[in-house]
Amino acid sequence: MIRKSSKLNQVNYEIRGPIFEKARELEEAGHNITRLNIGNPAPFGFTTPTELVNEIVQNLVHAQGYIDTRGLPAAREAIRRYSAMKGITDVRMEDIYVGNGVSELIMFTMQALLNDGDEVLIPSPDYPLWTSAVNLAGGRAVHYRCDEASDWMPDLADLESKISHRTKALVVINPNNPTGAVYSEELLQKMAKIAERHRLVLYSDEIYDQILYDDTVHHSIASYVKETLCVTMNGLSKNSRAAGFRAGWAVVSGRRAEAKSYLEGLTTLASMRLCSNVPTQFAITVALDSPSSIRQMTLPQGRLRQQRDLCIEKLNQIEGISCVMPRGAFYAFPKIDLKRFRVENDQQFILDILQETRILLVQGTGFNWPEPDHFRVVFLPPVETLGPALDRLGSFLASYRGT
Ligand code: PLP
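Residues numbered from 1 in each chain as written. Predicted model: local features only at pLDDT ≥ 70, side-chain atom pairs only at ≥ 80, totals over all residues.

Draft legend 1. Just the overall build of the protein chain, in detail. When you go through the protein chain residue by residue, the secondary structure sums to 13 helices and 15 strands. On C-alpha atoms alone, the protein chain measures out to a radius of gyration of 21 Å, which is about the 22 Å that the 2.2 N^0.38 rule sets for 403 residues. Each principal axis of the C-alpha atoms in the protein chain carries an extent, and together these give about 60 × 55 × 50 Å. Of all 403 residues assigned to the protein chain, the portion counted as buried reaches 48%. A fraction of 74% describes how many contacts in the protein chain between residues 6 or more apart in sequence connect residues 24 or more apart. (Helix = DSSP H or I, 4+ residues; strand = E, 2+ residues; numbered from the N terminus. Rg over C-alpha atoms; globule rule 2.2 N^0.38 Å. Buried ≥ 20, exposed ≤ 12 C-beta atoms within 10 Å, placed from the backbone. Contact = placed C-beta atoms within 7 Å.)

Draft legend 2. Structural view of the site of the ligand. In the vicinity of the ligand there are 13 residues, among which Gly101, Val102, Ser103, Tyr127 and Ser237 approach most closely. Residues that form the shell around the ligand fall into these classes: 5 nonpolar, 7 polar and 1 charged. (Near = placed C-beta within 6 Å. Nonpolar A, V, L, I, M, F, W, Y, C, P; charged D, E, K, R; others polar.)

Draft legend 3. Representation of helix H12 (residues 346-357) within the structure. Its 12 residues place the ends of H12 16 Å apart at the C-alpha level, agreeing with the 16 Å of an ideal helix rising 1.5 Å per residue. The complete set of buried residues in H12 reads Asp346, Phe349, Ile350, Ile353, Leu354 and Thr357. What you see down the axis of H12 is that its buried residues fit within an arc of 135 degrees, all on one side. Taken together, the buried residues of H12 touch helix H1 (18-28), strand S13 (359-360), strand S14 (362-363), strand S15 (375-378) and helix H13 (383-398). (Expected span 1.5 Å × (residues − 1). Arc of directions from axis to C-beta.)

Draft legend 4. Highlighting the UniProt feature "domain: Aminotransferase class I/classII large" (unreviewed entry) in the protein chain. Under the present numbering, the feature "domain: Aminotransferase class I/classII large" (unreviewed entry) in UniProt falls on residues 34-392. Between the end C-alpha atoms of residues 34-392 the distance is 11 Å, and the span holds 35% helix and 17% strand. (UniProt positions renumbered as here; feature names shortened; annotations may be inferred.)

Draft legend 5. Quick look at the packing of helix H3 (residues 73-85) against helix H9 (residues 281-289). Where H3 contacts H9, the two axes come as close as 8 Å, and the packing angle between them is 25 degrees. Classified by the interaxial angle, the pair formed by H3 and H9 is roughly parallel. Crossing geometry of H3 relative to H9 is assigned as left-handed. Residues Ala74, Ala75, Ala78, Ile79, Arg81 and Tyr82 of H3 lie in contact with H9, whose contacting residues are Gln281, Ile284, Thr285, Leu288 and Asp289. Here the contact of H3 with H9 is composed, by residue class, of 7 nonpolar, 2 polar and 2 charged. (Axes fitted to C-alpha atoms, helices over the stretch in contact; angles between N-to-C directions. Parallel < 35°, antiparallel > 145°, perpendicular 65-115°, else oblique. Left-handed = near helix turned anticlockwise from the far one by under 90°.)

Draft legend 6. Here's a closer look at the sheet that holds strand S5 (residues 153-154). Pairing is mixed in the open sheet, where 8 strands are placed in the order S2-S9-S8-S7-S6-S3-S4-S5. The open sheet terminates on both sides in strands that have one partner only, identified here as strand S2 (96-99) and S5. Sheet topology note: the strand S4 (residues 140-147)/S5 ladder contains 2 bridges and is antiparallel. Looking across to S5, one finds that Asp147 is bridged to Met153. Each of S2 and strand S9 (248-254) is contacted by H3, which is oriented at about 120 degrees to S2, the strand it contacts most. This element, helix H5 (residues 129-136), spans strand S3 (119-124), S4 and strand S6 (167-173) of the sheet and lies at about 165 degrees to S3. (Pairing = 2+ DSSP bridges.)

Draft legend 7. Spotlight on the nonpolar core. Membership of the largest hydrophobic core comes to 112 residues, with the highest contact counts inside it found for Val171, Leu202, Ala283 and Val377. Element by element, the count of residues in this core is highest for helix H4 (residues 101-113), at 6 residues. Beyond its immediate stretch of four places on either side in the chain, Val377 contacts Leu36, Cys311, Leu315, Tyr331, Ala332, Pro334 and Leu361. (Core = buried A, V, L, I, M, F, W, Y, C linked by C-beta atoms within 7 Å.)

Draft legend 8. Main features of the domain arrangement of the protein chain. As assigned here, the protein chain comprises domain 1 (6-47 + 296-398) and domain 2 (50-289). Of note, the centres of domain 1 and domain 2, computed from C-alpha atoms alone, are 26 Å apart. Across the contact, 33 residues belong to domain 1 and 31 residues belong to domain 2. Put simply, the parts of the chain that give the side of domain 1 that touches domain 2 at least two residues each are helix H11 (303-317) and strand S11 (331-332). Partitioning the side of domain 1 that touches domain 2 into residue classes produces 16 nonpolar, 10 polar and 7 charged. (Domains from an automatic or database assignment.)

Draft legend 9. Main features of the packing of H11 against H13. Running from N to C, H11 and H13 cross one another at 10 degrees; their axes reach a closest spacing of 10 Å. Classed by the angle they form, the pair H11 and H13 counts as roughly parallel. The residues of H13 that touch H11, namely those facing Gln306, Gln307, Leu310, Cys311, Lys314, Leu315 and Gln317, are Val383, Leu386, Gly387, Leu390, Asp391 and Gly394. In the contact of H11 with H13, the residues fall into 6 nonpolar, 5 polar and 2 charged.

What follows is the structure in structure tokens.
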């Protein structure tokens, strides 16, 4: 018997978990599955801007060798300019790490920081890679609650009450996956103060920072942080609809004086994989220096905006389901009224939906939400697919009682 290592005991990624496999089996058996489970824009017609693809193609010949561990200088210059535009002004070239997606950088930053038992504050619900990366690094993910009744804003009293002598870091996901919440300047300033007061390293995952609806403005928390270390992450996967290119970056700012050893560790980890894939780094400059094309899609007549509106309207029409309006990203995180549906196991709930309606969703507990009373919907498919799928969901739930 070859067993997985015990390091993986607390490591899960339900977005590609057992139900994902079940959907694949159904597809292989000839069923047509409507996939509302993964935030992967390109297969839904949100293709990468041509100028990014052209830039990569034209530069392929220059991408044959290893490069600097931190990334191409031109790409890092563009990231520095973008950071400055977002108010993160104290960034040097050596403060920027380009990686094979934000995912890799989440793993590196946690591996470099945590000793066994160190705690990291992570939102609940979360993008689950954060929790898994902390657990894999030997740390303990401690979840602070985001409050659905306040449009999913973090509950700062709950957050502060969970800080202990072992807490090393605070993670902010803004715009949020899975709730679509976008945090106000005032809230971010308060979170920055908490991190500074307790000398927590602040990690801000901003991979959806250009996908904003209803005149919502995005603020980078790093622009308010002086007295502690801050690491801001972003990439090409969502804003540039180039998830398959695997390009992301981490920008270190704030108080670096006490962080020399940590940053050395981070650089060691990055060096161990030599460099991240080179061809796509050429696209970073083009993506960041030209006006964002995703913005058009979030305007009132834009495709993403129409899909969001339809999705939330249809979900709220289902008796026993309610959903807060997302202000960013492309996810909805609706609530299941447990008085109407007897759901004890939300994985079974999602499986029942898959089997009966051929719609693939992800259960709320997969996002480290503690109760079985939520699920996530990805609203990337066009309205012609999304509308009928959500109607099918509504019809199924009209006669559904529970798991
Ligand atoms: N962070 C968040 C909040 C995400 O939703 C995702 C992907 O869904 C990632 C990071 C991973 O991004 P990447 O494709 O850059 O690895």
